[in-house]
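The lines below spell out each chain.
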Amino acid sequence: MRSHYSGDITGRLDGKKVVLAGWVHEIRDMGKLKFLVLRDREGFIQVTAKKGDTCEEVLSAIDQLSKESVIKVEGLIVKNEKAPRGVELKPDSIELISKADSPLPLDVTQKVDADMDTRLNNRFMDLRKPEVAAIFTLRGEVVNAGRGFLREKGFVEINTPKIIASASEGGTELFPISYFDREAFLAQSPQLYKQMMMSTGLDRVCELTTYFRAEEHDTRRHLNEVTAFDCEMAFIEDEEDVMELLEGLVMSMVKKASESDAELERLGKKINVPGKIEGITYDKALKLLKENGKNIPWGEDLDTESEKLLGEVMEREYGKQLYFITHFPLESKPFYTMPCEDRKYSRSFDLGYKGVEVASGSQRIHDPKLLEDRIKHAGLNPENFGFYLQAFKYGMPPHGGFGLGLDRVMMQLLDLPIREVVLFPRDRHRLTP
Ligand code: AMO
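Per chain, residues are indexed from 1 in the order of the written sequence. Confidence filtering applies because this is a predicted model: local features only for residues at pLDDT of at least 70, side-chain atom pairs given and counted only at 80 or more, and all residues used for totals across whole chains, interfaces and linings. As a convention, hydrogens and water are excluded, and side-chain values are obtained from all of the structure's heavy atoms.

Caption draft 1: Quick look at the overall build of the protein chain. A tally of helices and strands in the protein chain yields twelve helices and 16 strands. Across its three principal axes, the protein chain shows a C-alpha extent of roughly 90 × 55 × 40 Å. Burial classes follow relative accessibility: with a 1.4 Å probe on protein chains only, a residue under 20% of its type's maximum area counts as buried, one over 50% as exposed, and anything between as partly exposed. Here the protein chain, with 433 residues, has 51% of them falling under the buried criterion. Note on definitions: a residue-residue contact is assigned when non-hydrogen atoms from the two residues lie within 4.5 Å. A fraction of 65% describes how many contacts in the protein chain between residues 6 or more apart in sequence connect residues 24 or more apart. Charge-centre separation for the protein chain: the mean point of 62 positive side chains lies 4 Å from the mean point of 73 negative side chains. The helix and strand labels rest on DSSP assignments: H or I over at least four residues marks a helix, E over at least two residues marks a strand, and numbering proceeds from the N terminus. His is not counted, nor are the chain ends, whereas Lys and Arg count as positive and Asp and Glu as negative. The atoms used to mark charge sites are NZ of Lys, CZ of Arg, CG of Asp and CD of Glu.

Written out as structure tokens, the structure reads:
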């Protein structure tokens, strides 16, 4: 329908005929002069109509337009120093393609501020704001960078079931569903399936996946439907091989985001590319927290507040925005986590980014007997894990992996709450749109 996007229009096209299409962003009627700002994916272009110069049909078409209607404009590009970006379009014809009702549910020109709920309720229109659209084009770039990195490292992208029969990450966070005459659940993660893949010989698998978590959190950093990069790799020496991969993956994503100049300009943001990721043990993290006034009893997970404080300490004292926390107490981690020799600690790690856990992973248990013991120890019934345990009995290599929350990475990259970086967030209160 169009010959160009607004972004293609520069002074070099002076005197050229073009066809543009998009939304009516603004209309200003100054009597003899009428200005119309057309918006498309790439930005804005001023359309200028002048009595005596522009044909009557076009002038009256402009009078009939409502803001946010979809139009097609044909006309001539003219250099004009007074126009934004030094160019404007003199219209020969304006076609109304889809009329927008008024009043609008949301002001795209941002003259009236809207709260987050109003924005999310009208997300289609919220996304017409260039700086909101930029979040999601940037997100797409970050996903591509991650996928490209993993492909280069020999990972096979897979898809695992999202309707499952047993929990992988603890029974309290499951969404039950009815599956014909049986009980089933929405998948909390691909954990069991990606591990089973390690006995197939594919060696390295990844999935850009959805987690469903029935957590009753109501925070800046939790949702009930999450997107994550899940990876699993076989024939590892220990968890450090997995951490090295995670470091490469996250750096490829941060680097790509930092180079997305057009999106960052629209968002008015700058992204630092952190240096080499530092690792501290769980015990060291507790020590640092204690020194900074927060006492966490040994064995307990870091709560949101202590994660935040630790992020501040890591940045202030070590100059690190990205850091691993390693060797968590065995009992604080899921049953599939490989214990250290002492059985007190585990071969596990979290990745913190500016005070938020963005990933967690570990070396896994590959011995079927030990795995069954750990399932029982977690108060779970091994019979419910028969299909999983089966894959460990006929040759299972040492392996490990992680889940990297994409929503969390985006929120930390852009310093925004999680709802802002997810198109249609699912939280305790929000099931539509
Ligand atoms: P975990 O449960 O720690 O590990 O999840 C991995 C990562 O997913 C993101 N995440 C969330 N983000 C927003 N809201 C939530 N409710 C939420 N829950 C999780 C976080 C988190 O670090 N199977 C393991 C991973 C593995 O060991 O391979 C797992 O699911 O960024």
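Caption draft 2: Quick look at the packing of helix 4 (residues 130-152) against helix 6 (residues 239-258). Relative to each other, helix 4 and helix 6 sit at 145 degrees, their axes nearing to 8 Å. Helix-helix and strand crossings are classified by hand; for helix 4 and helix 6 the assignment is right-handed. Between helix 4 and helix 6, the contacting residues are Leu-138, Glu-141, Val-142, Ala-145, Gly-146, Phe-149 and Leu-150 on the first element and Leu-245, Gly-248, Leu-249, Ser-252, Met-253, Lys-256 and Ala-257 on the second. Three classes are used, and their members are as follows: Ala, Val, Leu, Ile, Met, Phe, Trp, Tyr, Cys and Pro are nonpolar, Asp, Glu, Lys and Arg are charged, and the others, Gly among them, are polar. By residue class, the composition of the contact of helix 4 with helix 6 is nine nonpolar, three polar and two charged. To obtain an axis, a line is fitted to C-alpha atoms, over the contacting stretch when the element is a helix, and the angle between two such axes runs from 0 to 180 degrees between their N-to-C directions. For any pair of crossing helices, the crossing counts as left-handed if the nearer helix is rotated counterclockwise from the farther one by less than a right angle, and right-handed if it is rotated clockwise.

Caption draft 3: Region of the structure containing the pairing of strand 9 (residues 182-186). Relative to strand 9, strand 7 (residues 163-164) runs antiparallel, the two being bridged by two bridges. Of the residues in strand 9, the one forming a bridge with Ile-164 is Phe-185. By the bridge criterion, four bridges tie strand 8 (residues 176-179) to strand 9 in an arrangement that is antiparallel. Residue Tyr-179 lies in a different strand from strand 9, and its bridge partner there is Arg-182. Strand pairing requires that DSSP identify at least two bridges connecting the strands. The turn linking strand 8 back onto strand 9 is made up of two residues, and Phe-180 within it adopts a positive phi angle of 55 degrees.

Caption draft 4: Region of the structure containing the site of the ligand. The criterion for a residue being near a molecule or strand is simple. One of its heavy atoms has to lie within 4 Å of it. Taken together, 24 residues surround the ligand, and among them Gln-191, Lys-194, Glu-357, Ser-360 and Arg-364 come closest. The side chain of Gln-191 places a nitrogen or oxygen atom 2.6 Å from a nitrogen atom of the ligand. Polar contact is the term for a pair of N or O atoms within 3.5 Å; when the atoms are in protein, one must be able to donate a hydrogen and the other to accept it, and sequence-neighboring residues count only if both atoms are side-chain atoms. One of the backbone nitrogen or oxygen atoms of Phe-402 is found 3.5 Å away from an oxygen atom of the ligand. Isolated, the ligand exposes 620 Å² of accessible area, and the fraction of that covered by the protein chains is 92%. Sorting the residues of the shell around the ligand by element identifies helix 5 (191-196), strand 15 (356-363) and strand 16 (399-405) as the ones contributing at least two each. Element by element, the count of residues in the shell around the ligand is highest for strand 15, at five residues. Split by residue class, the shell around the ligand holds eight nonpolar, eight polar and eight charged. Per-residue accessibility takes into account occlusion by the displayed protein chains alone, with areas from the Shrake-Rupley method and a 1.4 Å probe.

Caption draft 5: Representation of the sheet that holds strand 7. Strand order in the open sheet formed by three strands is 7-9-8, with antiparallel pairing between adjacent strands. Whereas interior strands pair on both sides, the edge strands pair on one side only; in this sheet they are strand 7 and strand 8.

Caption draft 6: Quick peek at the pairing of strand 1 (residues 17-29). Of the pairings in the sheet, the one linking strand 1 to strand 4 (residues 70-79) comprises seven bridges and is antiparallel in character. Bridged to Leu-20 within strand 4 is Val-73.

Caption draft 7: Seen up close, helix 6. One less than the number of residues in a helix, times 1.5 Å, gives the span that helix is expected to have. Over its 20 residues, helix 6 runs 28 Å from end to end, which matches the ideal 28 Å to within 8%, given 1.5 Å per residue. Counting buried residues in helix 6 gives 14 out of 20 residues, a clear majority hidden from the surface. A side-chain oxygen of the first residue of helix 6 lies 2.9 Å from the backbone nitrogen of Glu-240; this N-cap is Asp-238.

Caption draft 8: Focus on unusual backbone geometry. Here the amide bond leading from Ser-102 into Pro-103 is cis, since omega sits at 0 degrees, within 30 degrees of zero. Along the chain, Pro-103 falls in the loop between strand 5 (87-98) and helix 2 (116-121). Here the residue pair Thr-432 and Pro-433 is connected by a cis peptide bond, since its omega of -10 degrees sits within 30 degrees of zero. Note on placement: Pro-433 falls in the segment after helix 12 (406-414). Backbone geometry places Arg-85, a non-glycine residue, at a positive phi of 65 degrees. By secondary structure assignment, the location of Arg-85 is in the loop between strand 4 and strand 5.

Caption draft 9: Main features of the packing of helix 4 against helix 12. It is at 11 Å that the axes of helix 4 and helix 12 come closest, and there the two elements cross at 120 degrees. For the element pair helix 4 / helix 12, the angle class is oblique. Here helix 4 and helix 12 pass one another in a crossing that is right-handed. Taken together, the residues of helix 12 that come into contact with helix 4 (itself represented by Ile-135, Leu-138, Arg-139, Val-142 and Val-143) are Leu-406, Asp-407, Met-410, Leu-413 and Leu-414. Residues that form the contact of helix 4 with helix 12 fall into these classes: eight nonpolar, no polar and two charged. Roughly parallel covers angles under 35 degrees, roughly antiparallel covers those over 145, roughly perpendicular covers 65 to 115, and oblique covers all other angles.

Caption draft 10: Broad picture of the confidence of the model for the protein chain. Along the chain, pLDDT gives the predictor's confidence residue by residue, from 0 to 100. Residues of the protein chain with pLDDT of at least 70 account for 99%, and the chain-wide mean is 96. When pLDDT is averaged over each helix and strand of the protein chain, the minimum, 93, is found for strand 9 and the maximum, 99, for strand 16.

Caption draft 11: Summary view of the packing of aromatic side chains. In this scheme Phe, Tyr and Trp rings, the latter by its six-membered ring, pair at centre separations within 6.5 Å, and the angle between planes marks the pair as stacked below 30 degrees, edge-to-face above 60, and tilted otherwise. For the structure on display, the rule yields eleven aromatic pairs. When the ring of Tyr-388 is compared with that of Phe-392, the centres are 5.0 Å apart and the planes differ by 70 degrees; the resulting orientation is edge-to-face. Owing to a relative accessible area of 0%, Tyr-388 belongs among the buried residues under this scheme. By relative accessible area, Phe-392 is classed as buried at 3%. The structure contains a cluster of three or more aromatic residues connected by ring pairs, namely Phe-335, Tyr-336, Phe-385, Tyr-388 and Phe-392. In our convention, an over-ring charge means Lys NZ or Arg CZ found within 6 Å of a ring centre and within 35 degrees of that ring's normal. We note Lys-344 situated over the ring of Trp-298; from NZ or CZ to the ring centre the distance is 4.8 Å.

Caption draft 12: Spotlight on helix 10 (residues 368-377). Among the residues making up helix 10, those that are buried are Leu-370, Leu-371, Arg-374 and Ile-375. Across the axial projection of helix 10, the buried residues extend over an arc of 140 degrees, all falling on one side. Exposed and oriented more than 90 degrees from the buried face of helix 10 are Lys-369 and His-377. Remark: Gly-379 follows helix 10 within two positions and exhibits a positive phi of approximately 80 degrees. Summarising the geometry, the arc corresponds to the directions from the helix axis toward the C-beta atoms.

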